[in-house]
Amino acid sequence: MGALEILALALTHPNEFRILLQFWNYHESKRDITKKEEHPTSGWDRPTMRRCWELLDHSSRSFSGVIKQLDGDLARIICIFYIVLRGLDTVEDDMSIPDDIKQPLLRSFHEKTVTPGWNFNGSGPNEKDRIVLVDYHVVVEELLRLEPLCRDTIVDICRKMETGMADFAHRASLSPEPICPDTIAEYDLYCHYVAGLVGEGLSRLFSASGIESPWLAQQLELSNSLGMLLQKTNIIRDFREDAEEQRFFWPREIWSAAEYGSDGRTPATNVLHAMIVDALRHACDALDYLRLIKTQSVFNFAAIPATMAIATLELCFMNPEMFEHNIKIRKAKAADLIMRSTNPREVGLIFKGYARSIHAKTSPADPNFLRLSVACAKIEHWVERNYPSFVRLPPPDSSISNGVVFDSSDARSRVAITEAEADRRAAEEKRKLEIRERIVAGGAAATTNGVSSYASAAQNQGPPWEVLAFVAAAVFLVVALSVGIVLAVVHFTA
């Protein structure tokens, strides 16, 4: 932002200016991959890996920022993973490549990805990311440097994704008119291929790198849902841009429904709302997935795009301007989401806030009114079930020992306090009972052990010392009496 833009923002949107000022001053990057001490893990000292980082910046500045903040080798691994899939997606999106060339290229892309020196110069001159394929040989070189488990994961995801992309690209080439998915199931399948598999690959790489638990790689459904939420949000937001390029992803099953009418802005807005309902059904699974992540940098990497997605859906809702031009959330809102997306509870509250905002704007005249209400209620129910609103965290300087504060104005607090008190008394009684049992058991064991020890000592060590002392004293007494008698006799006879 230029100086004039900053001044205009401070005068017209002072609250947004304050948020951006906080972001610029306090939200510093946790890692700089260009520093010398980071070279062993970031690979910045190698020209090939440095070129990979440049390709990442060229392809997506938004994802580039969060990828670079990942810990250790994981940042480099995810960078290569992203560029490989970006190269595959570039081939699939390039409408200038004939289908007879595109099909074998797509279906063998996973093999070319591990072929040293391979690159592709046949992309159209207007293709934004053609440079990724032109310099793909550096990506291949860095991919082959990875650990076998990570390398095999990237190649496997690439193999699965290329199959789906090739099928959809071939179908599009056979039709003289632009096509779109016919059913919601077909739409879901497409989103699974282009984004759900990305979520699966990321989970597998998180586990393979050792940063996350091994079982995270098995959460395929939750990983898929997070990827599909992000992809469907992008499809909704980019409608105008895709339409200008003769690409249509909104399924016919939704926009051809009789309840939406045929012409006019109102039916189009209703169709938009149906698309948002379809995207929101993945929200709760995405939140469940975020709760499984234990590493802060990995959580930020997954949570920030998710909160951006729900904010974008709220921006698109009842906003016919998105049919006229591409819309994006404001920079201040994005900065605020980045600073807040630090833990599952806060992310859940962000989702809850935007779900309430969507529901507040819903009109009963909308055919999707009931479906939207249910979708928003599911998000709010998820947040309330996992992070009840009547339970609050105390201030950092508080002296409260149990770590929670109940809202006295909420009736549920009385129930929770009563149950907590009953649990405390039950635990105390149980503890007392265990102590008594240990004392009784310890006394019996001590008595038994004492008798056994006494008998064992008597057998192993002979007579006890008390008996020996008694015998010695008796002998001494007898000797003393004998001596006394002898002395008395001698005295009286003399």
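Our subject is the structure listed above.
Residues numbered from 1 in each chain as written. Predicted model: local features only at pLDDT ≥ 70, side-chain atom pairs only at ≥ 80, totals over all residues. Heavy atoms only, no water.

Draft legend 1. View of the overall build of the protein. On a plain count of helices and strands, the protein comes out with 23 helices and 2 strands. Sorting the 494 residues of the protein into buried and exposed places 42% on the buried side. At a minimum sequence separation of 6, the contacts of the protein that also span at least 24 residues come to 70%. Carbon and sulfur atoms make up 59% of the accessible area of the protein, which totals about 26,600 Å². (Helix = DSSP H or I, 4+ residues; strand = E, 2+ residues; numbered from the N terminus. Buried < 20%, exposed > 50% of the residue type's maximum accessible area, 1.4 Å probe, protein only. Contact = heavy atoms within 4.5 Å. Areas by Shrake-Rupley, 256 points an atom, 1.4 Å probe, with all protein chains shown as cover.)

Draft legend 2. Structural view of the pattern of salt bridges. The final tally for this structure, using the stated rule, is 38 salt bridges. Residues Arg247 and Glu245 are paired through a salt bridge, measuring 2.8 Å at the closest nitrogen-oxygen approach. Note on Glu245: relative accessible area 43%, which makes it partly exposed. Here Glu346 ties to Arg340 by a salt bridge, and the two come within 2.9 Å at their closest N and O atoms. Where salt bridges share partners, they join Asp156, Arg159, Lys160, Glu200 and Arg204 into one cluster. (Salt bridge = Lys/Arg side-chain N within 4 Å of Asp/Glu carboxyl O.)

Draft legend 3. Here's a closer look at a nonpolar patch on the surface. Among the surface-exposed residues, Phe470, Val471, Val475, Val479, Val483 and Leu487 lie close enough to one another that they form a single nonpolar patch of about 580 Å² accessible area. Structurally, Val475 is set in helix α23 (residues 465-493). (Patch = residues over 30% accessible without salt bridge, like charges linked within 9 Å, V, L, I, M, F, W, Y side chains within 5 Å.)

Draft legend 4. Region of interest: helix α4 (residues 47-59). In this model α4 runs 18 Å from its N-terminal to its C-terminal C-alpha over 13 residues, within 8% of the 18 Å that 1.5 Å per residue would give. Considering only its buried residues, α4 is in contact with α3 (39-42), α5 (61-68), α6 (74-93), α9 (130-134) and α10 (136-143). (Expected span 1.5 Å × (residues − 1).)

Draft legend 5. Local environment of the packing of aromatic side chains. On inspection of all chains with the given rule, the structure shows 11 aromatic pairs. Centre to centre, the rings of Phe109 and Trp118 are 5.8 Å apart; their planes meet at 85°, and the pair counts as edge-to-face. Pairing Phe239 with Phe323 gives two aromatic rings, centres 5.5 Å apart and planes at 85°, and the pair type is edge-to-face. Taken together, the positions of Phe239 in helix α14 (residues 239-244) and Phe323 in the loop between α18 (296-316) and α19 (331-340) put the pair 84 residues apart, joining distant regions of the chain. Connected via pairs of aromatic rings, a cluster forms that spans Phe109, Trp118 and Tyr136. (Phe/Tyr/Trp six-rings, centres within 6.5 Å; stacked < 30°, edge-to-face > 60°.)

Draft legend 6. Looking closely at the environment of His110. Inspection of the secondary structure puts His110 in helix α8 (residues 109-112). Since its relative accessible area comes to 15%, His110 is described here as buried. Residues His110 and Asp156 lie 46 residues apart in sequence; the distance between their C-alpha atoms is 7.6 Å. What His110 contacts, discounting residues up to four positions off in sequence, is Val155, Cys158, Arg159 and Glu162.

By themselves, these figures tell us nothing about what the structure is for.
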